[in-house]
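Summary of structural features
Each chain, written out:
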Amino acid sequence: MSTAMNFGSKTFKPRPPDKGSFPLDHFGECKAFKEKFMKCLRENNYDNSMCRLQSKDYLECRMDHQLMTKEPLEKLGFKDLMDPPPSQAGKDNKA
C-alpha cells in the first residue's frame, strides 16, 4: 500500500507553452487592436493579406504587453511593412 501513495518520486517540471500558443488577453489590453483586425477581415471577405497592417499592430500590442514572446517583426512575416533604418532612409532620396 505504501507504493501506491508514493507521490514524491515524480516531480513536475514546468515548460513554456508551445510555439504559437499564448495567454488570453484577460484584461483587454489589446482588444481595440483585435477589433480593428477582425473588422478588416470581415470587410475584406476574410482575406488576411488585406489586413496585414492591422495584424502587425495587434501582434506588436501583444508583445508589448507580454502576452506573447517578443519576436522580430521580420521573423513574423512583416519585413515589407517595416520602416527602413534611419541610416538607409536618406539614401533613397539622394539618387
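Please refer to the structure higher up on the page.
Residues numbered from 1 in each chain as written. Predicted model: local features only at pLDDT ≥ 70, side-chain atom pairs only at ≥ 80, totals over all residues. Heavy atoms only, no water.

Overview of the environment of Lys34
Tracing the backbone shows Lys34 in helix α1 (residues 31-43). Given the relative accessible area of 34%, Lys34 is considered partly exposed. Note: C-alpha distance between Lys34 and Asp57 (23 residues apart in sequence) is 8.9 Å. (Helix = DSSP H or I, 4+ residues; strand = E, 2+ residues; numbered from the N terminus. Buried < 20%, exposed > 50% of the residue type's maximum accessible area, 1.4 Å probe, protein only.)

Some details on the state of the cysteines
A disulfide bridge is the covalent bond that connects two cysteines by way of their sulfur atoms. A full pass over the atoms with the stated rule returns 2 disulfides. Covalently, Cys30 is tied to Cys61 through a disulfide, its sulfur atoms 2.1 Å apart. Judged by the sign of its S-S torsion, about -95 degrees, the cystine formed by Cys30 and Cys61 is left-handed. Of this pair, Cys30 sits in the segment before α1 while Cys61 sits in helix α2 (residues 52-64); the two residues are 31 residues apart in sequence, bridging distant segments of the chain. Given the relative accessible area of 0%, Cys30 is considered buried. (Disulfide = S-S within 2.5 Å.)

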